[in-house]
Amino acid sequence: MRRFLRSGHDPIRERLKRDLFQFNKTVEHGFPHQPSALGYSPFLHLMAIGTRSGAIKIYGSPGVEFMGLHEETNTVMQIHFIPGQCQLVTLLDDNSLHLWNLKQVHSNASELQEERHFTLRGPPGSSPSATQVTAILAHSSQEFLYLGTESGNVFVVELPSFRVLEDQTITPEAVLQRVPEEYRGRRSLELVEALQEHSRNPNRILIGYSRGLIAIWDLINNTATHHFLGNQQLENLFWQKNGHQIISCHYDGSYTQWPISSDDRQPEPLESRLPYGPFPCKAISKIYWQTTKNGLPYIIFQGGMPRASYGDRHSISVIHGNQQTAFDFTSRVIDFFVIANADPFAEFDDPSAMVVLAEEELVVIDLKSPGWPSVQPPYLASLHCSAITCSHHVSNIPLKLWERIISAGSKQNSHFSNMQWPINGGTNKAPDPPQRDLLLTGHEDGTVRFWNASGVCLHLLYKLSTVRVFLTDADPNDNMNQTEDEWPPLRKVGSFDPYSDDPRLGIQKIFLCKYSGYLTIAGTAGQILVMELNDEEAEQVIDHAEADLLQDQEGYRWKGHERLKTRDGPVRFEPGFQPFVLIQCQPPAVVTSLALHSEWKLVAFGTSHGFGLFDHQQKRLVFVKCTLHPSDQLALEGPLSRVKSLKKSLRQSFRRIRRSRTSNRKRRTAEVQEGISRYDHDALQEIELAPVQRKIEARSAEDSFTGFVRTLYFADTFLRDSSRHCPSLWAGTNGGTVYAFSLRVPPAERRMDEPVRAEQAKEIQLMHRAPVVGILVLDGQSTPLPEPLEVAHDLAKSPNMQSSHQLLVVSEEQFKVFTLPKVSSKLKLKLTAMEGCRVRKVTVANFGSCKSEHTENDLTVLTNLGDIHIISLPFLKIQVRYPCIRKEDVSGIASCVFTRYGQGFYLISPSEFERFSLSTKWLVEPRCLVTVPENIGNSVHNPSDPEKTSGKSNRESGRSSGDPGGDEGTPGRLMEHALLNDEKVLKEIQSTLEGGRGSYGDRNSRRVHVGHRLSNGGE
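What comes next is a walk through the structure. Per chain, residue numbering runs from 1 following the sequence as it is written. Local features are withheld for residues below a pLDDT of 70 in this predicted model, meaning they are given only at 70 or higher, and side-chain atom pairs are given and counted only at 80 or more; totals for whole chains, interfaces and linings count all residues. Water and hydrogen atoms were dropped before computing side-chain values, which therefore reflect all heavy atoms in the structure.

**Digging into helix α1 (residues 11–20)**
Phase 1 of the analysis: Note on exposure labels: buried denotes an accessible area under 20% of the residue type's maximum, exposed denotes more than 50%, and partly exposed covers the range between, all computed with a 1.4 Å probe on protein chains only. Helix numbering and strand numbering both begin at the N terminus, where a helix is a DSSP run of H or I of at least 4 residues and a strand a DSSP run of E of at least 2. All of the buried residues in α1 are Lys 17, Asp 19 and Leu 20. One face of α1 carries all of its buried residues, which in axial projection span an arc of 160°. Exposed residues lying more than 90 degrees from the buried face of α1 are Pro 11 and Arg 18.
Phase 2 of the analysis: On its buried face, α1 is in contact with β1 (21–30), β55 (839–848), β56 (855–863), β58 (878–883) and β61 (912–919).
Phase 3 of the analysis: By the criterion applied in these results, polar contacts are pairs of N or O atoms within 3.5 Å in which, for protein atoms, one can donate a hydrogen and the other can accept it, and in which residues neighboring in sequence qualify only through two side-chain atoms. Sitting at the head of α1, Asp 10 places a side-chain oxygen 3.1 Å from the backbone nitrogen of Ile 12. In this description, the arc belongs to the directions extending from the helix axis to the C-beta atoms. Contacts were defined at the residue level, with two residues in contact if any of their heavy atoms lie within 4.5 Å.

**Description of the environment of Arg 563**
Phase 1 of the analysis: Along the chain, Arg 563 falls in the loop between β40 (543–548) and β41 (571–573).
Phase 2 of the analysis: What makes Arg 563 partly exposed here is its relative accessible area of 31%.
Phase 3 of the analysis: Each C-alpha atom, one on Arg 563 and one on Pro 587, is 8.1 Å from the other, the two residues being 24 residues apart in sequence.
Phase 4 of the analysis: A distance of 2.9 Å separates a polar atom in the side chain of Arg 563 from a polar atom in the side chain of Glu 546.

**Section: the packing of aromatic side chains**
Phase 1 of the analysis: Any pair of Phe, Tyr and Trp rings, taking the six-membered ring for Trp, is counted once the centres come within 6.5 Å. Such a pair is stacked with planes under 30 degrees apart, edge-to-face with planes over 60 apart, and tilted for the rest. One pass over the structure, following the stated rule, counts 28 aromatic pairs.
Phase 2 of the analysis: Residues Tyr 255 and Trp 289 carry aromatic rings whose centres are separated by 6.3 Å and whose planes lie at 70° to one another, so their mutual orientation is edge-to-face. Of this pair, Tyr 255 sits in strand β20 (residues 255–259) while Trp 289 sits in strand β22 (residues 284–290), placing them 34 residues apart in sequence. Each member of the pair Tyr 255 and Trp 289 is classed as buried.
Phase 3 of the analysis: Plain terms: the ring middles of Tyr 906 and Phe 916 are 6.1 Å apart, the flat faces sit at 45° to each other, and that makes the pair tilted. Taken together, the positions of Tyr 906 in strand β60 (residues 903–909) and Phe 916 in strand β61 put the pair 10 residues apart, joining distant regions of the chain.
Phase 4 of the analysis: Residue classification places Phe 916 among the buried residues on the basis of a relative accessible area of 0%.
Phase 5 of the analysis: Site record: aromatic cluster; members linked through ring pairs are Phe 23, Tyr 882, Phe 898, Tyr 906 and Phe 916.

**Quick word on the sheet that holds strand β15 (residues 204–209)**
Phase 1 of the analysis: Pairing is antiparallel across the open sheet formed by four strands, whose spatial order is β14-β15-β16-β17. Each edge of the open sheet is held by one strand with a lone partner, namely β14 (192–197) and β17 (223–229). When the angles between neighbouring strand axes are averaged without regard to direction, this sheet yields 20°.
Phase 2 of the analysis: The pairing criterion is simple: DSSP has to find at least two bridges between the two strands. As judged from the five bridges shared by β14 and β15, these two strands associate in the antiparallel manner. Convention adopted: a line fitted to C-alpha atoms gives each axis, helices being fitted over their contacting stretch, and angles between N-to-C directions are expressed from 0 to 180 degrees.

Structure, rendered in structure tokens:
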């Protein structure tokens, strides 16, 4: 029975674990997946993006980020900020409205919280379309929402209660009262397409109906003062700042200017234009008419392209005098807005920037600079501009290398505008990052992008392309933009380009040495490039070497893709990382593992056929080792020919399951029952039973891909005897085999004269033949060996070479420690047998206590169930386990990358990384502050028109309908009861009601203004 009992918990260790480990999902990097709505507050200078999955994200200055998630996973259709407030309203595709508030929860920290939700309901028996919301106007009074519907009605909803003021509803019948009979009888109004408020007189709103009728509605007298009789299907409206003109855009690709006269004459259009006519054009779905000091307006509109020739283009056109450009986007435009002078009493708009939310990226155009260049976003990076194929994280980059990478990237960004980021609401209160971190992503098009992953914003520093080395169908110098003389004047903008010239260019493995500046990149067609950093443009010839991993073995024939053809002669490279040698594996299979030792100037690489070692200083191949098993014919068919093995794999899996269920079941049950019978029921309550281990069947040597090289590792350790240590290379395969090669690296003075020599010293075969996913050598103090050149730069202690070393082999099923050099088993942890999961990723991480100077090295392990285990070294004790990724999210698990200091990244969508932290000490999360000035609130509610609003009728006689919802229903009633028993509150309500006949400005002057301080994150 003793073997079922666990040793007691150490309270000191338990307390230390709480100081070391803590799991947090901190921030999402990249571009929101499937965006569906865009909103902007010119008062807060904040932008909001909604998605099809019900997420809402708010952005301001770099580092100012908030995120919320609707309980329902419905598509966000519209987002509207409440003017002058830290509130916004979202409309979902189920017709529900949600009120969100940026609420301060404690000092220097606020959260985006949903206050309540509401669904507009019609009378019993009415059609659902009667109350289907199509347009929303958040009134500058901060008290009302105007909701246009498919039935043509405009409902008035009180904020924040979401109470419908039914007597204030603007019906189509009321709008049509003064419309000429011949126009009224010809058509119905249909749905409300647009609602806008007069920028200087909040008592007037503009209503546009889909059939073409436009009306100005007087909120005081509840009547339409002007009608504009359009004959084309209406798409959208724009009311100029001075209120003297209205611009309407239409389904036929035209826009019309309407004057607003002071008398009762029927307005006639000033001008109607078809910008890209005369042939049939696509609809103009949105338009801006922005005035400037020089008298020439900016006319900005979405769509309007000729249907026949350019019907598939996603464009936004900007016209300013003789300048006209149609910005062409590579993905569908969701929405856009123009940043201009937000003061409603300013004489001119003076637009400065245009912000476009496309389906796959955010593009900002500088409208002040000549040529209207793009502005490089500091966040919302389009990570998937080409599909991500791999990633690599490097912590604590030296300042010199960091500056050289930034310098190389700045030379690539000369075409971007120098404008400051225009969406600048809030202040980033997060402390400066303690170190400089790089996240490198490899892409399908053969590029590697270097991202600044030090803080909350993932910012692109530099882009490296390997395309120039190879001959492809497309010339990288091709200019995709049209010439100036062509019409329409299209100009391609944005970075999203999902098409790859050749899938063989895809990057599979990346390894960067931060001390030497050497970079190694491996690709889909067996190509390995070794690069070094050069601050100047250079033209050079790349040395080629071929590694035949089959070693001319008979009976093997590669059936996959061909190798990439290389360019002859010298190739010109821009400043940055420049390749100086190319290693080509034969057969040209995907490179599955890569290791670089910059001190020894060696590169190790592996594929499904074997592995090799290359001396990049002498530019010669040291050796190759074929790991193919005679049954590994599938490894020769390439990545697209693996369907044949499906039946065989399923058959073998079911056999293992049957054997594991039946073997030893009776014996195990009998042993447990015998042990239990010795104790009474009360004693059993205090006994903790160790879990029964699962029986793991050994894998057959005939399983496919046993020669697949999963991991490579360099180490200076005791391989042959305990008296002398030497350089070594270790390789682990999919069949549970570990190869160890001793290396002889000549000293520095004879490095170029003598060759590097290698000799196989060990071969270890794991009993269960589980794939080897990690290899690690621990020194005499059980500390992992330092990285190459880390000791030389005084950033790590020299490894202990006085005591014996240990070898840790991590397979998918277990962790096993061997002594060196004898390679005798010392300790093991059976993860699959104990926990029922398999190892997918493993890395050594350094954890520091948040309360003391204590630090330790542990293993961070990701399993196929999406859980993260932290395992101690060298005793292999599981410290904590955190659920991180859904087990169904196979791509998320495959994309996960750990950092050296207990953080990690994984893809939650093709365009977004989720960042998480396992450490209490290293935590990167948003911490921000937004202040709403008092004068902003005043400027919204002080109209130049002295007309009054009937606030009393809105408050006293409005009857409520609909479904106000939210969890705050009961607390709301309790709070209401408490307030009505407060004499001061009652007096204030009474005085408000008595003075309700005043204007919005009067009511606002009696309101106490408080500057809202908003932030996000911890204290």
